[in-house]
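# Remarks on the overall topology
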Amino acid sequence: MQQTPTPKTALVTGASRGIGRAIAEALAAEGYRLYLTCKTSEKELTQLSHRLSENFHVECTPILADMGDAKAVEQLFSQIDDLTLLVNNAGISHIGLLHQMSVQEWQRLMNVNLNALFYTCRLAVPLMLQRHAGKIINISSVWGSCGASMEVAYSASKGGVNAFTKALAKELAPSNIQVNAIACGLIDTDMNRHFSEEEMEMLQSEIPADRIGQPSEVAEMVRSLLHAPSYLTGQVIGLDGGWQM
Ligand code: NDP
């Protein structure tokens, strides 16, 4: 008698909107059983989960969890018994001069953008080791390698994400777990809504591809990584229309 294969399971953080939602949609289409998180957008996350379950016939569990809070992440993982893919996507930005940023704002941003990767990976890796297989994909930014004025904390957090990715990839390669990051350029999401139309046009004019990227393109990149050779690990892959090469 043929055994039914165990479904692949993924956790996508920050899936209520933007890039995370597009990644969740792409993974549902790939047949993944999903755990989706966000911090406050309960209605949007629940609606997304229902839609994906209905359209793709996959199990989809929405969970509100602050990824910048170690205890909340522990509680989240108490509901997860199997994991083949972790997508660390949840993130926040902060625009302003560094000397006007408060210590609380700095710590909050670091908690959500960088410390969260430690909180999730320390609990995800043992589940992947059980299978001797797994993939971790971190959503980073072009600013992580070249830095942006008025976004020092954000740039530092994403620089940390890049180094975290490379170091963990080395640690986990012998266990057949691949760790990569996607360093996005300007992507059309709520994160950039504070820019005026004029500012967006100016930014766009600096991008060789002459357009802003779409969340679906980041999701497509995640999908490519799922099917990439397992020899591809420790990479920070730029997805930026040629902006920051
Ligand atoms: P959005 O602001 O559109 O969405 C952010 C998502 O993260 C939401 O689902 C939000 O949940 C969630 N989130 C925020 N804080 C927390 C938290 N503490 N705990 C759990 N979930 C949280 O952003 P994007 O889709 O644009 O960004 C996604 C990732 O892509 C981020 O890591 C960002 O840094 C990165 N990126 C984005 C770029 C862009 O141009 N958009 C460029 C480069 C990188 P809720 O709805 O509950 O607030």
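Scroll up to find the structure this text is about.
In this report, we go over the structure that sits alongside the text. Source: prediction; values computed, not measured. (Residues numbered from 1 in each chain as written. Predicted model: local features only at pLDDT ≥ 70, side-chain atom pairs only at ≥ 80, totals over all residues. Heavy atoms only, no water.)

### Digging into the sheet that holds strand E7 (residues 236-239)
Pairing in this open sheet of 7 strands is parallel, and the strands run E3-E2-E1-E4-E5-E6-E7 from one edge to the other. Pairing within the sheet leaves two strands with one partner each, and these edge strands are strand E3 (60-64) and E7. Across the sheet, the mean angle separating the axes of adjacent strands is 15 degrees when strand polarity is ignored. In this structure, strand E1 (residues 9-12) lies alongside strand E2 (residues 33-38), joined through 4 bridges in parallel fashion. Bridge assignment links Ala-10 to a residue of E2, and that residue is Leu-34. Against the sheet, helix H6 (residues 152-172) contacts strand E5 (134-141), strand E6 (177-184) and E7, and its axis sits at roughly 160 degrees relative to E5. (Pairing = 2+ DSSP bridges. Helix = DSSP H or I, 4+ residues; strand = E, 2+ residues; numbered from the N terminus. Axes fitted to C-alpha atoms, helices over the stretch in contact; angles between N-to-C directions. Contact = heavy atoms within 4.5 Å.)

### Details of the packing of helix H1 (residues 18-29) against helix H8 (residues 215-226)
Packing of H1 against H8 brings their axes to within 8 Å, and their N-to-C directions diverge by 45 degrees. One way to sum up the angle between H1 and H8 is to call them oblique. At the point where H1 passes H8, the crossing takes the right-handed sense. Residues Gly-18, Ile-19, Ala-22, Ile-23, Ala-26, Leu-27 and Ala-29 of H1 pack against Pro-215, Ser-216, Val-218, Ala-219, Val-222, Arg-223 and Leu-226 of H8. Grouping the amino acids of the contact of H1 with H8 by side-chain chemistry returns 11 nonpolar, 2 polar and 1 charged. (Parallel < 35°, antiparallel > 145°, perpendicular 65-115°, else oblique. Left-handed = near helix turned anticlockwise from the far one by under 90°. Nonpolar A, V, L, I, M, F, W, Y, C, P; charged D, E, K, R; others polar.)

### Here's the deal with the nonpolar core
Ile-23, Leu-27, Leu-34, Leu-36 and Ile-182 are the most contacted members of the largest nonpolar core, which has 33 residues in total. Those elements giving two or more residues to this core turn out to be E1, H1, E2, helix H2 (42-56), strand E4 (85-88), E5, E6 and H8. Residues in contact with Leu-34, not counting those within four places in the same chain, are Ala-10, Ala-24, Leu-27, Ala-28, Leu-52, Glu-59, Cys-60 and Thr-61. By size, the runner-up hydrophobic cluster in this structure holds 25 residues, among which are Val-73, Ala-116, Tyr-119 and Leu-127. (Core = buried A, V, L, I, M, F, W, Y, C linked by side-chain atoms within 4.5 Å. Buried < 20%, exposed > 50% of the residue type's maximum accessible area, 1.4 Å probe, protein only.)

### Notes on the environment of Glu-206
In this fold, Glu-206 is placed in the loop between helix H7 (197-205) and H8. Take Glu-206: its relative accessible area is 44%, and that puts it in the partly exposed class. Separated by 105 residues in the primary sequence, Glu-206 and Met-101 have C-alpha atoms spaced 28 Å apart.

### Focus: the site of the ligand
In the vicinity of the ligand lie 32 residues, with Ser-16, Thr-40, Ser-41, Tyr-154 and Thr-189 positioned nearest. The separation between an oxygen atom of the ligand and a polar main-chain atom of Ile-19 is 2.9 Å. A distance of 2.9 Å separates an oxygen atom of the ligand from a polar side-chain atom of Lys-158. Summarising the interface, the protein chains cover 95% of the accessible area of the ligand, which totals 900 Å² for the free molecule. With respect to the detected pockets, the ligand is housed in the largest pocket. Those elements giving two or more residues to the shell around the ligand turn out to be H1, helix H4 (103-131), E5 and H6. If you tally residues by element for the shell around the ligand, the top one is E5, at 3 residues. Split into classes, the residues belonging to the shell around the ligand amount to 14 nonpolar, 12 polar and 6 charged. (Near = heavy atom within 4 Å. Polar contact = N/O pair within 3.5 Å; in protein donor to acceptor, adjacent residues only side chain to side chain. Areas by Shrake-Rupley, 256 points an atom, 1.4 Å probe, with all protein chains shown as cover. 1 Å grid on protein atoms, 1.4 Å probe; cavity = no way out; pocket = protein on both sides within 12 Å on 5 of 7 lines; lining within 4 Å. Sits in = over half its atoms within 2 Å of the grid points.)

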